[in-house]
Amino acid sequence: MPPRPNPLIAQLADELEPVRPLRMRHGLALAAVATVLTIAAIALWQGLWSGPADGQAAIFFVANGLIALVGLASARTVVRMAAPRVGVRQDGLRWLLAALAILPVTALLLMTLEGMVGRHDDVTDGLNCFIAGTLSGVGVAAALIVWLRRGAPVAPNLAAFYTGIAAGALGSFAHGLSCPFDTIGHLGIWHVAPVAVSAVLGRVAVPALIRW
Amino acid sequence: MIADEPIFARLMTASQGGDRRAYTVLLTEAQFWLERFFRRRVPPAQIDDLVQDVLLAIHAKRATWDETRAFLPWLAAIARYRWVDHLRRVYRASESELGDYDASEDSEEDAILARMSLDRLFMQLSPAQCNAIELVKIEGLSVTEAAKRTGQSESLIKVNIHRGLRKLSALVEEAD
C-alpha cells in the first residue's frame, strides 16, 4: 500500500532549520557556572570561613562534602532528564539522599541525648543559615529550569523534585563555605533543611515551568 | 522501506543538520512506527491526532536527541509522554471499541517496539487502576458504567484513574 501523504510532514519539513543538539556537558557547565557565581557572591558578601585553612574544621568537610555531592549528583540527573529516554531509574541518587539523611538524624539524636533541642541562640543562628542556604540556591534553580525548558523532560514532576534538591544542596553548600558553626547539631539540621524545603518547593512550583 | 534503528539515527542526524529530504523520510517512517506503537492502547479514531501531536513534539524538540544515543528509545519516550497527556485530556472518547490491532512481533524491530510498548507501563499498575483507566479513558465508558462493569464504586473508579495516571506519568521515563 503506498504511504498516505501527510500535509503536516510537508509543512514541518518546509520549516526545518538546522539545530545544535543539546549536549549534556553544556547543561553541566551551566549548573557549574551558577554554582561558582553563587560561591563568588557569598565570598564577596560574607567572606569564606577560615576554619578549614587553619585546621579548625571538624565536621565541616564531611557535612559540606556530602551536601555538595548530593547537589552535584542531582544537578547531573536533572541535566540528563532534559533529554527523553526510557528505562532510566535514579536508584543511586536515592541512596545518596538516604546517606544525607544520616546527618539530621544524628544531629537530632545527639541533641536529644544532650538536652539541647531548641536552644534559642542555636535556633536563631540556624534559621539565618537555613534562609541564606535556601536563597543561595536560586541561581542554580534558575539555570536548571532554563536547561529543562530547552530540553524535553518526559518526567517533569521528578525533574522538578531533583531540581529543588540540586538547588537546595548546592545553595546550602555555597553558603556553608562561609558558615563558622562547625557542629553536627548545626550543620546536620540547618544546612540540610534547605535541601528538603527546596525539594518540596521545586516539586510544587517547577513542573508548570517545564511542561511542554 | 521499513526503517530500523540505524536508518532512523542516520536520518535524524541529517535532519538536525537541516536536510529536508531526510527529515521528510524520517517523519514519514516515524509516523508508521507511531501508528503501530499506539495501535493497542488508543482507539483507532484517536490515533491520527495522537501521532500528529507526537510529530509536532519531535519537530519542536529535535535538538534533544543526541547522536551518541539510540533514536527509538528517544522516540518512545516522547510517544509515552504524549500518550499519558492524551489520556488526561480525553476523559470520554466517542469510540468505545478497540479492535484486535496487535502488531505482529516477528521482526527485531517489532521486538524492540514491544519492549518499549505502552503495555509495559500498564503492567506496573494495579489491576483495579488498569481496569479503570482502560474502561473510562480508552474505551470511553462513563464512570457510572465503569463502576457497574467492575463492581467498584464510582468514587473508587475516580480514585483509581487519578492514581493510575499519576503513576503512569512517573513511569514514562523509568519503565523499560
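Residues numbered from 1 in each chain as written. Chains lettered and ligands numbered in written order. Predicted model: local features only at pLDDT ≥ 70, side-chain atom pairs only at ≥ 80, totals over all residues. Heavy atoms only, no water.

Counting its regular elements, chain A contains 11 helices and 0 strands. The linear arrangement of helices and strands in chain A, starting from the amino end, is α-α-α-α-α-α-α-α-α-α-α. Relative to its full complement of 212 residues, chain A shows a buried share of 50%. Accessible area for chain A stands at about 10300 Å²; split by element, carbon and sulfur atoms hold 69% of it. (Helix = DSSP H or I, 4+ residues; strand = E, 2+ residues; numbered from the N terminus. Buried < 20%, exposed > 50% of the residue type's maximum accessible area, 1.4 Å probe, protein only. Areas by Shrake-Rupley, 256 points an atom, 1.4 Å probe, with all protein chains shown as cover.)

Another point: helix α1 (residues 7-14) of chain A. Among all positions in α1 of chain A, only L8, I9, L12 and A13 of chain A are buried. Projected onto a plane normal to the axis of α1 of chain A, the buried residues spread over an arc of 135° and lie on a single side. When the buried face of α1 of chain A is taken as reference, the exposed residues oriented beyond 90 degrees from it are P7 and D14 of chain A. Where α1 of chain A is buried, its residues meet α2 (20-38) and α3 (44-60) of chain B. Measuring from the backbone nitrogen of L8 of chain A back to the side-chain oxygen at the start of α1 of chain A gives 2.9 Å, which picks out N6 of chain A as the cap. (Arc of directions from axis to C-beta. Contact = heavy atoms within 4.5 Å. Polar contact = N/O pair within 3.5 Å; in protein donor to acceptor, adjacent residues only side chain to side chain.)

It is worth spelling out the nonpolar core at this point. Residues L34, F38, L55, F71, L75, W83 and L168 of chain B are the most contacted members of the largest nonpolar core, which totals 65 residues. Among all residues touching L75 of chain B, those that are not within four sequence positions of it are A30, W33, L34, V54 and I58 of chain B. L96, F130, W147 and C179 of chain A belong to the second-largest nonpolar core, a separate cluster that totals 54 residues. (Core = buried A, V, L, I, M, F, W, Y, C linked by side-chain atoms within 4.5 Å.)

Moving on: the side chain of D53 of chain B. Following the sequence through the fold, D53 of chain B ends up in helix α3. In this structure D53 of chain B touches R82 and R89 of chain B, once residues within four positions along its chain are discounted.

With that settled, consider the packing of helix α4 (residues 60-81) of chain A against helix α7 (residues 138-150) of chain A. All names here are of chain A. Running from N to C, α4 and α7 cross one another at 20°; their axes reach a closest spacing of 9 Å. With respect to their mutual orientation, α4 and α7 come out roughly parallel. Contacts from A75, V78, V79 and M81 of α4 reach α7 at L144, W147 and L148. For the contact of α4 with α7, the per-class residue count stands at 7 nonpolar, no polar and no charged. (Axes fitted to C-alpha atoms, helices over the stretch in contact; angles between N-to-C directions. Parallel < 35°, antiparallel > 145°, perpendicular 65-115°, else oblique. Nonpolar A, V, L, I, M, F, W, Y, C, P; charged D, E, K, R; others polar.)

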